[in-house]
Amino acid sequence: GLNLTATGAITGTPTELTPEGGTQITYTATNPFGTSDAQTLTITINPAPVFAWNNTGTFWTNATSWTNNAVPTNSAAGDIAAFGALGLSATSVDVGAGRSIGGIVFNSGAYAYTWTGTDIIVGSTGSITNNSAAIQTFNNKVINNGGSPIWSSIAGGGMVFNGGIDLTTASS
């Protein structure tokens, strides 16, 4: 969670998306004359839009493959793609040629996905996080475009990069 330190700094990492109304921190402000007053500070973090894969197809660029019937923006600074256990266990994701996404998240309980296509750029707003126990296999090249160089597997599932990883950007 987020915390307010004695020096007035806000520290920490939100553990989940900001709840409606924001995250609230109560603090006490004291002036040099010793008068204090408790105040509430509300912090709202607007995350990138999340697009959820619905397993009705295999092509990234097909709108019917996503729950909101729209393809994520082809931008490394934008959307987050989420993969879970929706629909049938069709677990092939063909990104086609040269796609970009802000981040990729495999939700708890997600199927084991196999990625194909030429390459996918994971950008500045996110990373790749596997919250499932399944192994996620990337047979295409994955490029870090200035995003978090920490790609993690939380629940014991692994990530296999058969197509290579490019971590050559200046901030990686």
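Residues numbered from 1 in each chain as written. Predicted model: local features only at pLDDT ≥ 70, side-chain atom pairs only at ≥ 80, totals over all residues. Heavy atoms only, no water.

I would appreciate a short explanation of the overall build of the protein chain in the present structure.
Summing up its helical and strand segments, the protein chain has zero helices and 17 strands in all. Burial analysis of the protein chain (172 residues in total) assigns 33% to the buried set. For the protein chain, the computed accessible surface area is about 8900 Å², with 54% contributed by carbon and sulfur atoms. (Helix = DSSP H or I, 4+ residues; strand = E, 2+ residues; numbered from the N terminus. Buried < 20%, exposed > 50% of the residue type's maximum accessible area, 1.4 Å probe, protein only. Areas by Shrake-Rupley, 256 points an atom, 1.4 Å probe, with all protein chains shown as cover.)

Is there a simple way to explain the sheet that holds strand β5 (residues 50–52) in this structure?
Strand pairing within a sheet occurs via backbone hydrogen bonds; the two strands may be parallel or antiparallel. In space, the five strands of this open sheet follow the order β5-β6-β9-β12-β15, with parallel pairing throughout. Of all the strands in the sheet, the pair left with one neighbour each is β5 and β15 (152–153). Looking at chain direction, strand β6 (residues 80–83) and strand β9 (residues 103–106) are connected through four bridges and run parallel. Bridged to alanine 82 within β9 is valine 105. (Pairing = 2+ DSSP bridges.)

Would you mind showing me how to read the environment of glycine 157 here?
Along the chain, the position of glycine 157 falls in the loop between β15 and β16 (159–161). On a C-alpha basis, the gap between glycine 157 and phenylalanine 106 in space is 9.9 Å, while along the polypeptide they are 51 residues apart.

Where do I start with the nonpolar core in this structure?
A general feature of soluble globular proteins is that nonpolar side chains tend to end up buried together. One finds Trp60, Phe83, Ile104, Phe106, Trp115 and Ile128 to be the most contacted residues of the largest nonpolar core, which totals 21 residues. When residues of this core are traced back to their parent elements, those giving at least two are β6, β9 and β11 (119–122). Residues contacting phenylalanine 83, with those up to four places away along its chain left out, are Trp53, Trp60, Trp66, Val93, Ile104, Val105, Phe106, Asn107, Ala110, Tyr113 and Trp115. (Core = buried A, V, L, I, M, F, W, Y, C linked by side-chain atoms within 4.5 Å. Contact = heavy atoms within 4.5 Å.)

What is the right way to look at the packing of aromatic side chains in this model?
Describing an aromatic ring pair means giving the distance of the ring centres and the angle of the ring planes. A full pass over the atoms with the stated rule returns 15 aromatic pairs. With a centroid separation of 5.0 Å and 85° between ring planes, the pair formed by tryptophan 60 and tryptophan 66 is classed as edge-to-face. Each of the two residues, tryptophan 60 as well as tryptophan 66, counts as buried. Through a chain of ring-to-ring contacts, the aromatic side chains of Phe51, Trp53, Trp60, Trp66, Phe83, Phe106, Tyr113, Trp115, Phe138 and Phe161 assemble into a single cluster. (Phe/Tyr/Trp six-rings, centres within 6.5 Å; stacked < 30°, edge-to-face > 60°.)

Can you help me understand the sheet that holds β16 in this one?
As summarised here, the arrangement of the four strands in space is β7-β10-β13-β16, forming an open sheet in which the pairing is parallel. Of all strands in the sheet, those with a lone pairing partner are β7 (92–94) and β16, marking the two edges. When strand polarity is set aside, the average angle formed by the axes of neighbouring strands in this sheet is 15°. As defined by bridge partners, β7 adjoins strand β10 (residues 114–116) across three bridges and the pair is classed as parallel. Residue pairing for β10: valine 93 is matched across the bridge by tryptophan 115. (Axes fitted to C-alpha atoms, helices over the stretch in contact; angles between N-to-C directions.)

Please clarify how unusual backbone geometry should be interpreted in this entry.
Across the chain, the bulk of peptide bonds are trans and the bulk of non-glycine residues have phi less than zero. Even without being a glycine, asparagine 55 presents a positive backbone phi close to 60°. Accessibility expressed as a relative area gives 3% for asparagine 55, which makes it buried. Notably, asparagine 69 is not glycine yet its phi reads approximately 55°, a positive angle. Mapping asparagine 69 onto the fold places it in the loop between β5 and β6.

Would you mind showing me how to read the environment of glycine 78 here?
Mapped onto the elements of the fold, glycine 78 is located in the loop between β5 and β6. Of the residues examined, glycine 78 reaches a relative accessible area of 16% and is grouped as buried. Through-space distance from the C-alpha of glycine 78 to that of valine 50 is 9.3 Å; in sequence the pair is 28 residues apart.

Would you explain the side chain of serine 100 in this entry?
Considering the arrangement of structural elements, one finds serine 100 in strand β8 (residues 99–101). Setting aside residues up to four positions removed in sequence, serine 100 forms contacts with Thr73, Asn74, Ser75, Ala76 and Ile121.

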